[in-house]
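Residues per chain, in single letters:
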Amino acid sequence: MRVDVVTIFPDYLQPLTLSLVGKAVRDGLLDLHVHDLRTWTHDRHRSVDDTPVGGGAGMVMRPDVWGEALDDLVRPDTHILLPSPGGQVLDQALVAALAAEQHLLIACGRYEGIDARVAEHYGNTARLTEVSLGDYVVNGGEVAALVIVEAVGRLLPGVVGNPQSLVEESHVDGLLEYPVYTRPPVWRDLEVPGVLTSGHHAQIARWRRDQSLRRTAARRPDLLSRLDPNALDDADRHVLDTLDTSPPPAVEVPHS
């Protein structure tokens, strides 16, 4: 897979040279390129933004600069990703779909965002998806680019050493992952659950499944409503029948 990231802060993407993603790049499993948007400017100030038409606060990134950049980088198999608070929320299903692509191009906006005509034009002439990390706002698309590349990159064949670890984790099967433990068996008077040291693999698997169901019900009951009923066995249903699946209380934010 090839991934191109276009940004006015290329150094922001330096963490992608680290850990498993960095190793994947060095091993040739991921073809990653980070570009400075200002490369496509033509004035001596290397301007990428201008004031919003109609007035308002902040600055808007110019479509002509972005147009030149995208025209140079977009290929027939390119899927353009535009981080935006108004985009499709990034979840594991979307990540898995993106991991099957041949070429991702992430356009990192800043300020008040990219002129809307960029999304309109490339949404008609190429494949473009606006993507959101959640219902909050950050300063720019670079944070989302880091998340997308990390989440997608780890699903590429050979990137994660033990492929089984990609199966037994949160959101893959619609549930949160079960709690995990390691040595020592007792730490600050807290013991590793005995079933995990029993050597009985079927009981361990059942305990982990039960814990996933319980944790999901307690923390993300909304996920339970999306589960395929056919994916639940009688033991799963028994666990769910004993749980309170009402939404957790909202966090109260103090007013100044």
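Predicted, not measured: the structure shown is a model, and the values here were computed from it.

## Details of the environment of Tyr12
Here comes step 1: Within the secondary structure, Tyr12 sits in the loop between strand S1 (2-7) and helix H1 (19-26).
Here comes step 2: What makes Tyr12 partly exposed here is its relative accessible area of 34%.
Here comes step 3: Sequence separation between Tyr12 and Leu146 is 134 residues, and the spatial gap between their C-alpha atoms is 8.8 Å.
Here comes step 4: Every residue in contact with Tyr12, bar those within four places of it in the chain, is listed here: Arg110, Glu142, Val143 and Leu146.

## What to know about helix H4 (residues 116-125)
Here comes step 1: Here H4 has its buried residues at Val118, Ala119 and Tyr122. The buried side chains of H4 occupy one side of the element, clustering within an arc of 95° when seen end-on. Turned more than 90 degrees off the buried face of H4, the exposed positions are Ala116, Arg117, Glu120 and Asn124.
Here comes step 2: Packing partners of the buried residues in H4 comprise helix H2 (63-73), strand S5 (78-89) and strand S7 (127-132).

## Some details on the packing of helix H6 (residues 201-219) against helix H8 (residues 234-241)
Here comes step 1: For the pair H6 and H8, the least separation of the axes is 10 Å and the interaxial angle reads 40°. The angle between H6 and H8 falls in the class oblique. Seen along the crossing, H6 lies across H8 with a hand that is right-handed. Listed contacts from H8 to Arg206, Arg209, Asp210, Leu213 and Arg214 of H6 are Ala235, Asp236, Val239 and Leu240.
Here comes step 2: For the contact of H6 with H8, the per-class residue count stands at 4 nonpolar, no polar and 5 charged.

## As for the sheet that holds S1
Here comes step 1: Reading across from one edge, S2-S1-S6-S5-S7 is the order of the 5 strands in this open sheet, with parallel pairing throughout. At either margin of the open sheet sits one strand with a lone partner, and together these are strand S2 (31-36) and S7. Shown here is a sheet whose adjacent strand axes are inclined to one another by a mean of 25°, direction ignored.
Here comes step 2: For S1 and strand S6 (residues 103-107), the ladder comprises 5 bridges, and the chain directions are parallel. Paired with Arg2 across the bridge in S6 is His103.
Here comes step 3: Lying on the sheet, H4 is in contact with S5 and S7; it crosses S7 at an angle near 135°.

Calculation notes
Residues numbered from 1 in each chain as written. Predicted model: local features only at pLDDT ≥ 70, side-chain atom pairs only at ≥ 80, totals over all residues. Heavy atoms only, no water. Helix = DSSP H or I, 4+ residues; strand = E, 2+ residues; numbered from the N terminus. Buried < 20%, exposed > 50% of the residue type's maximum accessible area, 1.4 Å probe, protein only. Contact = heavy atoms within 4.5 Å. Arc of directions from axis to C-beta. Axes fitted to C-alpha atoms, helices over the stretch in contact; angles between N-to-C directions. Parallel < 35°, antiparallel > 145°, perpendicular 65-115°, else oblique. Left-handed = near helix turned anticlockwise from the far one by under 90°. Nonpolar A, V, L, I, M, F, W, Y, C, P; charged D, E, K, R; others polar. Pairing = 2+ DSSP bridges.

None of this, on its own, says anything about what the molecule does.
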